[in-house]
Amino acid sequence: MQKIKNIAVIAHVDHGKTTLVDELLQQSGTFEAHQQVEERAMDSDAIEKERGITILSKNTAIVYGDHKINIIDTPGHADFGGEVERVLKMVDGVLLLVDAQEGVMPQTKFVLKKAIALGLIPVVVINKIDKDGSDPDRVMDEVFDLLVALDANEEQLEFPVLYAAARDGYAKWEMEDENKDMTPLFEAILTKVPYPQGSPDNDTQAQVFTLDSDNFVGRIGITRIFNGKVKKGDEYLLVKACGAKSKSRISKLIGFKGLERIEIQEAEAGDIVAIAGFNDIDVGDSVCDPVNPVALDPMHVEEPTLSVIMSVNDGPLAGTEGKHVTSNKIAERLAKEMETNIAMRMEPMGDASFKVSGRGELQIGILAENMRREGFEFMLARPEVVTKEEDGVKMEPFEHLVVDVPEEFQGVAIEKLGKRKANMTSLTPMPDGTVRLEFEIPARGLIGFRNEFLTDTKGEGIMNHSYLEYRPYSGTVESRTPGALVSMDDGEAVAFSIFNLQARGVMFISPQDKVYSGMVIGESARPGDLDVNPLKGKQLTNMRTSGADDAIKLVTPRAVTLESAMEWIEDDELIEITPISVRIRKKSLDPVVRKRQARDKKNSK
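Keep in mind the model is a prediction, meaning the values are calculated, not measured. (Residues numbered from 1 in each chain as written. Predicted model: local features only at pLDDT ≥ 70, side-chain atom pairs only at ≥ 80, totals over all residues. Heavy atoms only, no water.)

### Side note on the side chain of Glu573
Step number 1: Relative to the elements of secondary structure, Glu573 occurs in strand E34 (residues 573-577).
Step number 2: Overall, Glu573 belongs to the buried group, its relative accessible area being 0%.
Step number 3: Separated by 2.8 Å, the side chains of Glu573 and Lys586 make a polar contact.
Step number 4: Each residue touching Glu573, except ones within four places of it in the same chain, is listed here: Ala381, Arg382, Arg480, Ala484, Val520, Trp568, Arg585, Lys586 and Lys587. (Helix = DSSP H or I, 4+ residues; strand = E, 2+ residues; numbered from the N terminus. Buried < 20%, exposed > 50% of the residue type's maximum accessible area, 1.4 Å probe, protein only. Polar contact = N/O pair within 3.5 Å; in protein donor to acceptor, adjacent residues only side chain to side chain. Contact = heavy atoms within 4.5 Å.)

This is the structure:
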C-alpha cells in the first residue's frame, strides 16, 4: 500500500503559494534533469500568467522518499473562495502561508476559518522572510491570535511553524538556521500531516471536487478516494447531490505526477485521481460500490453575492468585430462555464439576456475576458449585489475590508469609505510607516471604489476584502459623481473636435475611432451627462488668415479596460465587449428617451 499525504496550500493573494509549490516540485526530483519548466508552472491559464494570480485550484503530486504527496494549489482571491472551500474537504492538512511583512490578511482569515471548521491542522509557513520590512515574530503572534479567535482546538493550536523564502528555495525551523533547501518543509509535511483515513479493503467511496473536460473522453472528474479501490474498466454507481443514481464503467483512470497526467489501472483509498466514463458527473457527486452504495455528504458552497446581466450586443456596430454574436452561442458558453464553476450561477432572463451571479467583480470580469478572447461579442450591465429577504427584512452582503495606506492618506480613505456606509473596526500603525484600517462595508459600497481609491492614495494604497455575512440593508450608497460625455452622431471621431472637447473632461477615444449616437466618449468634469459632437471638423474657407493655425495638441485618452469600465458605469449604462474593443454606451441610444428618463428620475426624488 502506498504511503500518501494530501495537503492544500492556502494563503492570501500574492503571499507566494504557487512559487512554493514550484520549489517543492523542483526539489523533490519530480522533474527530470533535462526538463525545462517555466516559472509558476501551476498557473497554466493565459490570464493567470498575465496577472500573476491563481484562478483555478490545481493539483499535482510529488514523490518524496517512499511517500506520495498530493498537493493542491488554491487561489488567494476572495472572488475564488468557492474553489478553496471544496478543495479543503479533499485533504488531511493545510500549508498556511503568511507574508512576513503583510501578516494576516482578509483571505487568510477566510480560508483558515474553513480549514479549522473541518478540523485540519495547519502547518504555518511564514514566507518572504528576505523582505526588508519583514517581522516574523509579529506575524507569528497574529496567526496565533487568529487561531484563538476562530475557536481552534488544543491540537490545532500546537501548529508547527517554519520560516521560508520560497522564491530563493529554502525553508527552516528557526530564524537562526542556515538557508539551505526545502527539506524542513518536506519533513513537516511527512511528520505533522496525518495519513488519510479509510481502508482499501472497504467498499468504494470517492467524491468529485473539480471537473475537467477532454474532447476525446468527455467530462473528467478529479476525485478523492475515501475508501476502497477504483479500477479502470469496472462498473460503479454515481450518486448525485440530488439523490439520482446512474451506473457506468470507468473508461479512463488518470494519476498525477508533477505537471503530467499518467494513465493508471487502479488506485486506492487516500489517493487523488481523475476518472472518465460518467457523462453527467458533477462536483460533489459520490462514486460508490454498486452492491453496497454509501454516498458521501454533498458539498455546500456559499452563495454568490454579486450578479450582472449579460446580453446580446444590439448597438450600431454589432457583429462587426466578433465571431459569436447570437444568444444561443452565449447561452451555450455560459452553460459550459457553469458545469465546472460551482461558485457561479446563470439564469436566462428572456429577451436574449442572462443573469450571471458570482462572488465578485473579478470573477465575473475574468469570465467576460475569457469569452472575449474566444471571439464572443456581448454587453454587460452594472454589477448588482444579490439581496435576499429574511423574516420580512431585506438583507444584503457585507464585506470585511482591509486598507493599507500611507499616513497622509488615511483621512481621505476614511472619509470616502464613510460615504459608502463603511464602519471602521480598527486602526493599526504598521512598522513600514503605513496605517492598516479595517472596515465592515456593504458589498455595494465597494463597486466602483478601487479606481477612486488608487487616485486618492496616488497609487500607494492597497485594499483587500472578503465576504463576511448577510446583514439588514443599509440604505443608499454614494456612487460616481462626474457625468458622461455622450456622442450625438455616428461616424469616425475627428482630432479637431476632440481637441475642443478636452476642456469638458477626460476623453476615452482617439481620432479615427468609430463612435455612434449614445456612446460614452469621455468623463465630464461636472455632474450630469452632456451630449457632444466628436465628428465636427474645422470649417475650411479660401480666405487667408493673418495668424498661423494653432497646432492641435491632444491629451492621451484614458484607456477603457473591462475592469475599469465595470467599476465606472452607472445603472443607465452598458459595456459593449468585443474581441477588439471595450466601449461604454447608454442603455437607451435615443437622446429624447434619455432626457425623459432623467426628468422622471429627478421628479421621483
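### Observations concerning the packing of aromatic side chains
Step number 1: Following the criterion strictly, the structure yields four aromatic pairs and no others.
Step number 2: For the cation-ring pair, Lys394 lies above Tyr473, with the distance from its terminal atom to the ring centre recorded as 4.1 Å.
Step number 3: One residue, Arg471, lies across the ring of Phe398, its end atom 5.1 Å from the ring centre. (Phe/Tyr/Trp six-rings, centres within 6.5 Å; stacked < 30°, edge-to-face > 60°. Lys NZ or Arg CZ within 6 Å of the ring centre and 35° of its normal.)

### Overview of the sheet that holds strand E16 (residues 272-276)
Step number 1: Spatially, E12-E11-E17-E8-E9-E16-E13-E14 is the arrangement adopted by the eight strands of the open sheet, whose pairing is antiparallel. The open sheet is flanked by strand E12 (245-249) and strand E14 (260-263), the only strands paired with a single partner. Ignoring strand direction, the axes of neighbouring strands in this sheet form an average angle of 35 degrees.
Step number 2: Of the pairings in the sheet, the one linking strand E8 (residues 205-214) to strand E17 (residues 286-288) comprises three bridges and is antiparallel in character. (Pairing = 2+ DSSP bridges. Axes fitted to C-alpha atoms, helices over the stretch in contact; angles between N-to-C directions.)

### Details of helix H15 (residues 591-604)
Helical periodicity: at 3.6 residues per turn, an α-helix aligns residues three or four positions apart in one direction.
Step number 1: Spanning 14 residues, H15 covers 20 Å between terminal C-alpha atoms, matching the ideal 20 Å at 1.5 Å per step.
Step number 2: By the N-cap criterion, in which a side-chain oxygen at the helix start approaches the backbone nitrogen of a residue two or three places on, H15 is capped by Asp590, the distance to Val592 being 3.0 Å. (Expected span 1.5 Å × (residues − 1).)

### Looking at a nonpolar patch on the surface
Step number 1: A cluster of nonpolar residues, Phe499, Ile552 and Leu554, forms a patch on the protein surface that exposes about 220 Å² of accessible area.
Step number 2: Judged by its relative accessible area of 34%, Leu554 falls in the partly exposed class. (Patch = residues over 30% accessible without salt bridge, like charges linked within 9 Å, V, L, I, M, F, W, Y side chains within 5 Å. Areas by Shrake-Rupley, 256 points an atom, 1.4 Å probe, with all protein chains shown as cover. Salt bridge = Lys/Arg side-chain N within 4 Å of Asp/Glu carboxyl O.)

### Let's talk about the environment of Glu374
Step number 1: Relative to the elements of secondary structure, Glu374 occurs in the loop between helix H9 (361-373) and strand E21 (378-380).
Step number 2: Residues Glu374 and Gly322 lie 52 residues apart in sequence; the distance between their C-alpha atoms is 9.2 Å.
Step number 3: Within the local environment of Glu374, its side chain forms a polar contact with the side chain of Arg333, the two groups lying 2.6 Å apart.

### Here's the deal with the packing of helix H10 (residues 410-419) against helix H12 (residues 449-456)
Step number 1: In contact at an axis separation of 10 Å, H10 and H12 are set at 155 degrees when each is read in the N-to-C sense. Looking at the two axes, H10 sits roughly antiparallel to H12. Helix-helix and strand crossings are classified by hand; for H10 and H12 the assignment is right-handed. Across from Val412, Lys416 and Leu417 in H10, the residues of H12 making contact are Phe449, Glu452 and Asp456.
Step number 2: Counted by class, the contact of H10 with H12 contains three nonpolar, no polar and three charged residues. (Parallel < 35°, antiparallel > 145°, perpendicular 65-115°, else oblique. Left-handed = near helix turned anticlockwise from the far one by under 90°. Nonpolar A, V, L, I, M, F, W, Y, C, P; charged D, E, K, R; others polar.)

### Remarks on the pattern of salt bridges
Opposite charge on two side chains allows them to pair when their charged atoms are near.
Step number 1: Counted according to the given criterion, the structure contains 34 salt bridges.
Step number 2: One salt bridge in this structure joins Asp99 and Lys128, with 4.0 Å as the shortest N-O distance. Note that Asp99 is positioned in strand E4 (residues 93-99) and Lys128 in the loop between strand E5 (121-127) and helix H5 (136-149), a separation of 29 residues in sequence.
Step number 3: The salt bridge partner of Arg420 is Glu452, with a shortest N-O separation of 3.3 Å. Of this pair, Arg420 sits in the loop between H10 and strand E25 (423-429) while Glu452 sits in helix H12, and the two are 32 residues apart along the sequence.
Step number 4: Linked through salt bridges whose partners overlap, the residues forming this network are Lys416, Arg420, Glu452 and Asp456.

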